[in-house]
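Chain and residue survey
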Amino acid sequence: MITKELVIIGGGPAGLAAAIEAKKHGAKDILLIERDSGLGGILQQCIHNGFGLHVFKEELTGPEYADRFIKELEEIGIEVLLDTMVIDLTEDKQIIAVSHKKGLLQIKADAVILTMGCRERTRGAINIPGYRPAGIFTAGTAQRFVNIEGYMPGKEIVILGSGDIGLIMARRFTLEGAKVKCVAEIMPYSNGLTRNIVQCLEDFDIPLLLSHTVTYIHGRNRVEGVTIAQVDDKLNPIPSTEKFISCDTLLLSVGLIPENELSKMADIQIDNVTGGPVVNQRMETSVPGIFACGNVVHVHDLVDFVTMESRLAGRGAVNYLKNKMPQQKFIKVSPGSDIRYVVPQLIDAENILDEKQNFFMRSTRPMEKARLFIESEDGLIRAKVLQHIKPSEMINIELKKEELANKDIKTLKFSLQEEGVDNGN
Amino acid sequence: MEDIVIIGAGVTGCSIARELSRYDINITLVEKEEDVACGTSKANSAVVHAGFDATPGTWKAKLNVAGNKLYPALCEELDVPFKMNGSLVVAVNEEEVNALDELLKKGKMNGVNPLRIIGKDELHALEPNLNPDARAALDAPTGGLVCPYELTIALAENANQNGVKFWLNAPVTDIEVMGDYCFLVKTPKGNIKTKYVINAAGLFADEISKMAGAEEYTITPRKGEYLIFDKQFGNMVKKAIFPTPTKISKGILVCPTVDGNIFIGPNSNDIEDKYDTSVNAAGIEEIITGGRKLVPNLPLKNVITSFAGLRAVSNTNDFIIEASKLVKGFINVGGIQSPGLTSAPAIALMVKDILQDAGLDLKKKKDFIPHRPKKYRFRELGSEERRKLIEQNSAFGHVICRCETVTEAEIIDAIRRPVGARSIDAVKRRTRAGMGRCQGGFCSPRVLEILTKELGADPLEITKKGPGSNMLVGRIKEFLQDEGGDQNDN
Ligand SMILES: Cc1cc2nc3c(=O)[nH]c(=O)nc-3n(C[C@H](O)[C@H](O)[C@H](O)COP(=O)(O)OP(=O)(O)OC[C@H]3O[C@@H](n4cnc5c(N)ncnc54)[C@H](O)[C@@H]3O)c2cc1C
Ligand SMILES: Cc1cc2nc3c(=O)[nH]c(=O)nc-3n(C[C@H](O)[C@H](O)[C@H](O)COP(=O)(O)OP(=O)(O)OC[C@H]3O[C@@H](n4cnc5c(N)ncnc54)[C@H](O)[C@@H]3O)c2cc1C
């Protein structure tokens, strides 16, 4: 059995930032475990730019963004195990990992940070009728084939879902000479960042069909086409609008799910809405000493926020290791009207690590303009006007410590109220 | 000249091949698909039926009960996962309660033992997630679960070890009868001369019988659709839960798999096209409604995949297992609809007897190998065993499928085994890589790479499931040139 002060599981941007931050704040004996043969996580296949606007104030590609952290990690000397997959985690922080070089490793850690990222939703999860031929890929798998392996998984493509990866791949395929016939999105609004709709679809004249879905997959061996249809306001396909589109590939960009197999093994409490662990002000899960950050907690659209959150987790873990136990007097944070979720879900106000606390949340629907209300059981703490709200673009709100501490509040609720539309009747 | 050609590598054909491989005869099995277990044998309910359902006196009834008894030893010998977890037929109203009595009587006549009716309290204690309206159930402890494609593959592997030759991608296009006990079986891969032909071609058995000029019958495909749920709901039910049956089918089940998932299905709809294994929206609706009758709170958000299977229903509505009276040496094993999976080991013995009766000299081989090569399932092992395995072979330390914890060593083994995997789906059926919640999103590029290396192939040649189902269509930059040409033309 190996013992370590801090083990970080996953070497994507979340794991990298958390490791570096923990080291800088005094953790000495850190081990970062990554199952892939290199660090950087999903960023390594994101060769487009658009990373780092917040953290570095410049536009980097995914690998460039990751590289800055990988270099720093090497400079400050953090032990890394590559090609090593964690396959078991217990509540008392025992870890089992396997690799072909080192065999089976049993590790006991004082603290753990979970940064396993997320996985893509697949066809079955959304139940498309039809056959099961070759040529159905999730957008991320297609991205890996093109950007890492150098192969084209298709030539004539229909994309279901307007998640960012799908949009990015629409552009990538087009630049490679493939034909992207359309992007069908079941919701009446897109699920990607506005900048990706403009730069990846509009600039290439790729139609975005809102309120449309794929109702059938044709082809026994390889995809030969799909039937798409418009949906009604209950999201049910309208049969009279069905039409056939020939294609050899269907890309699915229908969402991501946090990867929490290990969290479940350790009996960590999971938030049903985010699909990730419930965390507190220092990104600690329901199991003391096990922390989590990045896409494993909730799916992020911008890596910059992953970095911010992960730095907090790194410091939180050091805080825990130095035996600074929080008071555990938690304010319960909950989503109110038109907010889907808020992270963190619990706040120990006296033990907020900085003078401020970030809250990440998503709206349930798009709104041109709305007022965000932050209330405790004693009344309004703050209200803020927000513009151009979309479920796909995370809202980040900072509260000052003094707005929360020393007030003996028990609940905190975030809600949105749309402005400029007549809700009168 | 072969002694025997078996047509069709489903569970029927492979059971027969394995049984006959005990004897000193030359056997070739021909299959039109790229792998064994690509037909009905890979898409069914996977229940080893106790045998209470079939009409007493039919082949279905006799072979079901006989087959059920052979399962535990067979699966043990071939290292195939099998669980005798029992089946329950649930009644939700008075009429159905009465029907249970009928079923009990039928079961006793078929020789199913033990078999009894249990009351509401016992039922709900056994299965707490059942519909609160469930009043009583027929409890058949000898009902079991098996992985049907793993069994079929195991039978094929073992038959191959014992000398049976496998011709895959070899659809039989014609059978020339050259005389009594003399046939020329024609396939695009070549022709085979043989003394006996065993027709185990599933949905196409009627066409094969016709090719040889043997007895005519018809096979109609009857589709059944399924939804499978994520393993995290694997405890929803413990036994195979059947509704009270109707005349045409056993109804829509809520049932565990031997691998720890739960599925709902199948419905039962006659169709025309024998290739139509598509899943349809109406069908999904139907099985959800059916499933909810038994277990109201189905985790519909956690469906991981859907599929459909086709029952090969003959016009006699029973199995047709007999030596042709018209063509000497031709043996029909057709109409093998449910409970064909359960019956397969008994069908194989029956076919052996038919051959003997027809005069084939069956001498036992001295060197028959009863077990297939050792198969490791990394996900099922404890830490100590895992440590040792990685020490012996470091490829066990490389996890390729993260949902099902399948290692590189297991995938390489699947390719190198007898009747080895040649496609992504063939690897999947042998290892479960790609069967978990991400459905191959993560591991398929890696499995493709391993296949490429092991087969010495180009990535562009690797298929999902045989000819025409290539995973990749070109290298990057390749389409740019053709695109440029097109644009100039415009
Ligand atoms: C296709 C795509 C395009 C994007 N585009 C942009 C963009 O333009 N701009 C932007 O700012 N953001 C973008 N993002 C978002 C950003 O990249 C992600 O939010 C960020 O990468 C998440 O970081 P992470 O570390 O949480 O997860 P990941 O990057 O997924 O890293 C998780 C790591 O954990 C490892 N791991 C998982 N389980 C185990 C285990 N059991 N044992 C060992 N290791 C394990 C994985 O191998 C992986 O390396 C994009 C994301 C994607 C997927
Ligand atoms: C929905 C459903 C649920 C079921 N549930 C159960 C159950 O729970 N328990 C149970 O016991 N049974 C069940 N069954 C029945 C069971 O699945 C079948 O009886 C069994 O799989 C039949 O196996 P087979 O080998 O005869 O047919 P198949 O598996 O279809 O094999 C026939 C093979 O012949 C090949 N072939 C066809 N034509 C040619 C040709 N011209 N040349 C070469 N090869 C050819 C095909 O490609 C195929 O591989 C179910 C069936 C269905 C459809």
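Calculation rules
- Residues numbered from 1 in each chain as written.
- Chains lettered and ligands numbered in written order.
- Predicted model: local features only at pLDDT ≥ 70, side-chain atom pairs only at ≥ 80, totals over all residues.
- Heavy atoms only, no water.
- Helix = DSSP H or I, 4+ residues; strand = E, 2+ residues; numbered from the N terminus.
- Rg over C-alpha atoms; globule rule 2.2 N^0.38 Å.
- Buried < 20%, exposed > 50% of the residue type's maximum accessible area, 1.4 Å probe, protein only.
- Contact = heavy atoms within 4.5 Å.
- Areas by Shrake-Rupley, 256 points an atom, 1.4 Å probe, with all protein chains shown as cover.
- Lys, Arg positive; Asp, Glu negative; His and termini not counted.
- Charge placed at Lys NZ, Arg CZ, Asp CG, Glu CD.
- Near = heavy atom within 4 Å.
- Polar contact = N/O pair within 3.5 Å; in protein donor to acceptor, adjacent residues only side chain to side chain.
- Pairing = 2+ DSSP bridges.
- Core = buried A, V, L, I, M, F, W, Y, C linked by side-chain atoms within 4.5 Å.
- Buried area = accessible area lost by both parts, 1.4 Å probe.
- Salt bridge = Lys/Arg side-chain N within 4 Å of Asp/Glu carboxyl O.
- Nonpolar A, V, L, I, M, F, W, Y, C, P; charged D, E, K, R; others polar.
- pLDDT = per-residue confidence, 0-100.
- Axes fitted to C-alpha atoms, helices over the stretch in contact; angles between N-to-C directions.
- Left-handed = near helix turned anticlockwise from the far one by under 90°.
- 1 Å grid on protein atoms, 1.4 Å probe; cavity = no way out; pocket = protein on both sides within 12 Å on 5 of 7 lines; lining within 4 Å.
- Points joined across faces, edges and corners; volume = space filled by probe spheres on them.
- Domains from an automatic or database assignment.

With that out of the way, let us pick up the overall build of chain B. Assigned secondary structure in chain B consists of 13 helices and 23 strands. Relative to a compact globule of 490 residues, whose C-alpha radius of gyration would be 23 Å, chain B shows 23 Å and is just as compact. Its C-alpha atoms give chain B principal-axis dimensions of roughly 70 × 60 × 55 Å. In chain B, which comprises 490 residues, the proportion classed as buried is 62%.

Within chain A, the secondary structure is distributed over nine helices and 28 strands. For the C-alpha atoms alone, the extent of chain A along its principal axes is close to 65 × 65 × 40 Å. Across the 425 residues that make up chain A, the buried fraction comes to 58%. Across chain A, every contact between residues at least 6 apart in sequence was considered, and the portion connecting residues at least 24 apart equals 64%. Just so you have it, chain A exposes about 16,800 Å², and 48% of that area is on carbon and sulfur atoms. Side chains of chain A give 49 positive and 57 negative charges; the mean places of these two sets differ by 1 Å.

Residue and element names in this part refer to chain B. Taken together, 38 residues are adjacent to ligand 2, and T12, E31, S41, I336 and T342 come closest. Take S41: an N or O atom from its side chain is 2.5 Å from an oxygen atom of ligand 2. At a separation of 3.5 Å, a nitrogen atom of ligand 2 approaches a polar side-chain atom of S338. Taken by itself ligand 2 offers 1,000 Å² of open surface, and the protein chains cover 97% of this. For the shell around ligand 2, the secondary-structure elements that each account for two or more residues are α1 (11–20), β18 (303–314) and α8 (340–357).

What follows covers the sheet that holds strand β4 (residues 82–83) of chain B. Residue and element names in this part refer to chain B. Read across the sheet, three strands follow the order β3-β8-β4 without closing on themselves; strand pairing throughout is antiparallel. If you trace the sheet from one side to the other, it starts and ends with β3 (47–48) and β4, each paired once. When β3 meets strand β8 (residues 144–146), the two strands line up antiparallel, connected through two bridges. The residue of β8 that forms the bridge with V48 is G144.

Our next topic: the nonpolar core. Counting residues in hydrophobic clusters, the biggest one holds 80 residues, and the most contacted among them are I4(B), V36(B), I198(B) and I321(B). The element that contributes the greatest number of residues to this core is α8(B), accounting for nine residues. Among residues more than four places away in sequence, those in contact with V36(B) are A9(B), C14(B), I153(B), A156(B), F166(B), L168(B), V419(B), R429(B) and R430(B). Counting 67 residues, the second-largest nonpolar core is a separate cluster that includes A18(A), L31(A), L114(A) and V279(A).

Time to look at the interface of chain A and chain B. Listed as interface residues are 47 residues of chain A and, on the opposing side, 59 residues of chain B. Interface of chain A and chain B: buried area, both sides summed, is about 4,500 Å²; carbon and sulfur atoms make up 54% of it. When the area that chain A buries against chain B is broken down by residue, the three leading residues are L104(A), R132(A) and Y151(A), summing to 15%. Viewed at the interface, chain B and chain A are joined by four salt bridges. Taking the shortest distance from any N to any O, the salt bridge between D36(A) and R446(B) comes out at 4.0 Å. Mapped by element, the contributors of at least two residues to the side of chain A that touches chain B are β6 (84–89), β7 (94–99), β8 (103–114), α3 (123–126), β10 (136–138), α4 (139–149), β11 (151–152) and α7 (261–265) of chain A. If you tally residues by element for the side of chain A that touches chain B, the top one is α4(A), at five residues. Classifying every residue of the side of chain A that touches chain B by side-chain character gives 19 nonpolar, 14 polar and 14 charged.

Another aspect to go through is the confidence of the model for chain B. Segments scoring low in pLDDT should not have their predicted coordinates read at a detailed level. Of the residues in chain B, 98% have a pLDDT of 70 or more, and the chain-wide mean is 95. Below a pLDDT of 50 lies the segment residues 483–490 of chain B, which in the model reaches one contact outside its immediate sequence neighbourhood of four places, other chains included.

Here the focus is the packing of α4(A) against helix α5 (residues 164–175) of chain A. Residue and element names in this part refer to chain A. For the pair α4 and α5, interaxial distance at closest approach is 9 Å and the crossing angle is 35°. α5 is crossed by α4, and the crossing has left-handed handedness. Contact residues: A139, G140, A142, Q143, V146 and N147 in α4; I165, G166, I168, M169, R172 and F173 in α5. Of the residues assigned to the contact of α4 with α5, the class counts are seven nonpolar, four polar and one charged.

Now for the site of ligand 1. Residues and elements named next belong to chain A. Lining the immediate surroundings of ligand 1 are 34 residues, of which A14, E34, I42, N295 and V303 lie closest. Between A14 and ligand 1, the recorded distance is 2.9 Å, taken from a backbone N or O atom to an oxygen atom. Here an oxygen atom of ligand 1 and a side-chain polar atom of R195 are 3.3 Å apart. Counting residues per element, the ones that place at least two in the shell around ligand 1 are α1 (13–24), β3 (49–51), β6 and α8 (303–321).

Turning our attention to empty space enclosed by the protein. One pass over the structure, following the stated rule, counts three cavities of 30 Å³ or more. Approximately 470 Å³ is the volume found for the largest cavity. If you go around the largest cavity, you meet 29 residues; those closest to its centre are I136(A), Q439(B), G440(B), G441(B) and K464(B). Taken together, the elements giving at least two residues each to the lining of the largest cavity come down to α3 and β10 of chain A together with β18, α11 (424–431) and α12 (444–455) of chain B. Ranked by the residues each element gives to the lining of the largest cavity, the list is headed by α11(B), at four residues.

Bringing the sheet that holds strand β12 (residues 156–160) of chain A into the picture now. All names here are of chain A. The strand order across the open sheet built from five strands is β10-β18-β12-β13-β14, with neighbouring strands paired in parallel fashion. Looking at strand neighbours, the two that pair on one side only are β10 and β14 (208–210), the edges of this open sheet. Averaged over all neighbouring strand pairs, the angle between strand axes comes to 20°, with direction disregarded. Summarising the sheet, β12 and strand β18 (residues 249–252) pair through four bridges and their orientation is parallel. Looking across to β18, one finds that L160 is bridged to L252. Most of the contacts of α4 go to β10, to which it runs at about 90°, and overall it touches β10 and β18.

Now for the environment of A61(B). Residue and element names in this part refer to chain B. The residue A61 is located in helix α2 (residues 59–78) in this model. Sequence separation between A61 and K108 is 47 residues; the distance between their C-alpha atoms is 11 Å. Leave out the neighbours within four places in its chain, and A61 touches A54, T55, P56 and N110.

With that out of the way, let us pick up the domain arrangement of chain A. Residues and elements named next belong to chain A. What the domain assignment lists for chain A is domain 1 (1–120 + 255–325), domain 2 (122–252) and domain 3 (327–424). Here domain 2 and domain 3 have C-alpha centroids that lie 35 Å from each other. At the interface, six residues of domain 2 touch seven residues of domain 3. When the two sides are added together, the surface that domain 2 and domain 3 hide from each other amounts to roughly 480 Å², 51% of it contributed by carbon and sulfur. Contact with domain 3 buries surface across domain 2, with Y189, L193 and T194 losing the most and accounting together for 68% of the total. Remark: the boundary between domain 2 and domain 3 carries four residue pairs in polar contact (both at pLDDT 80 or more). Looking at side-chain class alone, the side of domain 2 that touches domain 3 contains two nonpolar, four polar and no charged residues.

Residue and element names in this part refer to chain B. With respect to the helices and strands, the residue G190 is situated in strand β12 (residues 190–199). Residue G190 is classed as partly exposed on the basis of its relative accessible area, which comes to 22%. Sequence separation of G190 and A170 is 20 residues, and the distance between their C-alpha atoms is 8.4 Å. The residues touching G190, leaving out its near neighbours within four places in the chain, are W167 and V185.

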